[in-house]
Amino acid sequence: MNFPEPISRRQWLISGGASLAGLALSSRLLNFEAQAQMTPERLAAVAPVKARLSLNENPFGPSPAALAAMLANLSAGKACRYPYGEVNELIDLIAKKEGVAPENIVLSVGSGEILETVGGLFGRMKGEAIYASPGYLQLPSAVTANGGKVIPVPVNARQEHDLDAMAAQVVGASSVVYVANPNNPTGTVVDTAALAEFVKEVSKKAFVLLDEAYLDIADNYAGRTLVGLVHEERNLLVARTFSKIHGLAGMRIGYGVTSRKFAAQLRNGALGTLTSPSIAGAVASLQDTGFVAASRTKIVAEKAKLLALLRELGRPYAESQTNFVFFQTGRPHAEVHAAMFKESVSIARAFPPMNDWARISIGLPEENALARAALRKVLG
Ligand SMILES: Cc1ncc(COP(=O)(O)O)c(C=O)c1O
């Protein structure tokens, strides 16, 4: 697939994209869900509460080795130096982990930067984003913000992507098909074999962006990741992030794995200009073998307590393979949101059209205990 518009910074500016670029830059400062249009609900998501369970963060935090590396990086006076050498070390490590060449990797300021950039490209092509609804909106929003359109495809009864219905919506080369596996807010994964088949077929005519932000939290990560499908002739980018299982959301690091050609195009657009301490943290986190599994164990154990409570309260929930749970409260979202807030627990915004469902993230044990007590009070 040839994109009509190479996304060099110069072209962005010439084509009147300066204001767009400004938008993109400011939106990189915070997680998209937290900052996009500061509605009262979104402000509430970052308001001070005892348990902030609204943004799917991992408050267990980074690996101690990553924390030490970031502090050491600053103590060593690296703040005044461009991190060119370090960046190559990080790219090499990621390439080794993903089994691709360094040229297949594009770093980004959180994986959200990639979602926005790709969405922006298709928007400016007057293309369309096909995505699951409810779903994560960063890429679709960038498509509409830049003049394209969106085609939301309702999730199926299990609240998983409806792959057949999505494939049926593909228009052609102007389509970007966005699959977050696991999905946000439902937390569900799709069958790996079916998804692989979907990616192979759909990428023959459209571009597929497979978002694996939460996949390390799912069971059988190795059997589920489809990063192995990336190759030079396929219109596919797999997006990954250090924000979730690595506990580095505040450091803003993510990356894409894609064809060399598309990676180069994205890199040209000044993507992935990371800071020195964040690179140091990511390198140390990747080298801390065992950290991801340990972090996952803590999240899964805490999630089990929440699911047990929901079963006790008779509340249906989607099969979560993530650090958050989407469940049916049976009451208007605004009411539940406000009642939980009163108990000093923030939950996620509403995800229309599922207006009597709520998403709550897994926090620290004491935060989760507070949330369970609040849920008992509010829904019991
Ligand atoms: C599905 C999904 N993809 C991507 C992101 C972007 O995260 P980040 O920019 O921190 O990598 C998020 C954030 O919540 C998400 O839920």
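Residues numbered from 1 in each chain as written. Predicted model: local features only at pLDDT ≥ 70, side-chain atom pairs only at ≥ 80, totals over all residues. Heavy atoms only, no water.

Colleague: Mind laying out the packing of aromatic side chains, listing which residues take part and the relevant values?
Modeller: This structure, assessed with the given rule, holds 7 aromatic pairs. Arranged with centres 4.9 Å apart and planes meeting at 65 degrees, the rings of F207 and F262 form a pair that is edge-to-face. In this pair, F207 sits in strand β6 (residues 207-211) while F262 sits in helix α11 (residues 260-268), placing the two residues 55 residues apart along the sequence. Judged on exposure class, the residue F207 and its partner F262 are both buried. Look at F326 and F351: their rings are 6.1 Å apart centre to centre, the planes differ by 85 degrees, and that puts the pair in the edge-to-face class. Of this pair, F326 sits in strand β9 (residues 324-328) while F351 sits in the loop between β10 (345-346) and β11 (357-361); the two residues are 25 residues apart in sequence, bridging distant segments of the chain. Here F326 falls in the buried class, since its relative accessible area comes to 0%. Accessibility expressed as a relative area gives 2% for F351, which makes it buried. Here the aromatic cluster, defined as three or more aromatic residues joined through ring pairs, consists of F122, F207 and F262. (Phe/Tyr/Trp six-rings, centres within 6.5 Å; stacked < 30°, edge-to-face > 60°. Helix = DSSP H or I, 4+ residues; strand = E, 2+ residues; numbered from the N terminus. Buried < 20%, exposed > 50% of the residue type's maximum accessible area, 1.4 Å probe, protein only.)

Colleague: Can you tell me about helix α6 (residues 111-124), naming the residues and giving the values?
Modeller: Under the 1.5 Å per step criterion, the end-to-end length of α6 is 20 Å for 14 residues, consistent within 8% with the ideal 20 Å. Most of α6 is tucked away: 13 of the 14 residues are buried. In the segment just after α6, K126 is the residue with positive phi, at about 60 degrees. (Expected span 1.5 Å × (residues − 1).)

Colleague: Can you lay out unusual backbone geometry for me, pointing to particular residues and giving the numbers?
Modeller: Note the cis peptide between N184 and P185, where omega equals 20 degrees. With respect to the secondary-structure elements, P185 resides in the loop between β5 (175-180) and α9 (192-202). Following P352, the chain continues to P353 via a peptide bond in cis, the omega torsion being 5 degrees. One can find P353 in the loop between β10 and β11. Located in the positive-phi region is N220, a residue other than glycine, with phi close to 55 degrees. Within the fold, N220 resides in the loop between β6 and α10 (221-224). The exposed category is assigned to N220, whose relative accessible area is 52%.

Colleague: Requested: an account of the site of the ligand, with residues and values cited.
Modeller: Close to the ligand lie 15 residues, the nearest being S111, D211, Y214, T241 and S243. Here an oxygen atom of the ligand and a side-chain polar atom of Y214 are 2.7 Å apart. Burial of the ligand by the surrounding chains reaches 98%, relative to a free accessible area of 390 Å². Sorting elements by how many residues they give to the shell around the ligand places α6 first, with 3 residues. Taken together, the residues that form the shell around the ligand break down as 5 nonpolar, 7 polar and 3 charged. (Near = heavy atom within 4 Å. Polar contact = N/O pair within 3.5 Å; in protein donor to acceptor, adjacent residues only side chain to side chain. Areas by Shrake-Rupley, 256 points an atom, 1.4 Å probe, with all protein chains shown as cover. Nonpolar A, V, L, I, M, F, W, Y, C, P; charged D, E, K, R; others polar.)

Colleague: An account of the packing of helix α14 (residues 333-342) against helix α15 (residues 365-379) is requested, with residue identities and associated values reported.
Modeller: With their axes 10 Å apart at the nearest point, α14 and α15 run at an angle of 130 degrees to one another. Between α14 and α15, the angle falls in the class oblique. Considering only the axes of α14 and α15, their crossing is right-handed. On α15, the residues touching V336, A339 and M340 of α14 are A371, A374, L375, V378 and L379. (Axes fitted to C-alpha atoms, helices over the stretch in contact; angles between N-to-C directions. Parallel < 35°, antiparallel > 145°, perpendicular 65-115°, else oblique. Left-handed = near helix turned anticlockwise from the far one by under 90°. Contact = heavy atoms within 4.5 Å.)

Colleague: Which residues make up the side chain of H161, and what values do they have?
Modeller: Considering the arrangement of structural elements, one finds H161 in the loop between β4 (149-154) and α8 (163-167). Under the relative-accessibility criterion, H161 is labelled buried at 5%. Excluding its chain neighbours within four sequence positions, the residues that come into contact with H161 are A132, N156, M166, Y178, V179, A180, N183 and V190.

Colleague: So what about the sheet that holds β4? Which residues, and what values?
Modeller: Pairing is mixed in the open sheet, where 7 strands are placed in the order β2-β8-β7-β6-β5-β3-β4. Sheet topology places β2 (105-108) and β4 at the edges, where each strand pairs with a single neighbour. Averaged over all pairs of adjacent strands, the angle between strand axes in this sheet comes to 20 degrees, irrespective of strand direction. Against the sheet, helix α5 (residues 84-98) touches β2, β7 (236-241) and β8 (254-258), its axis set at about 125 degrees to β2. Here α6 sits on the sheet in contact with β2, β5, β6, β7 and β8, set at roughly 160 degrees to β6. (Pairing = 2+ DSSP bridges.)

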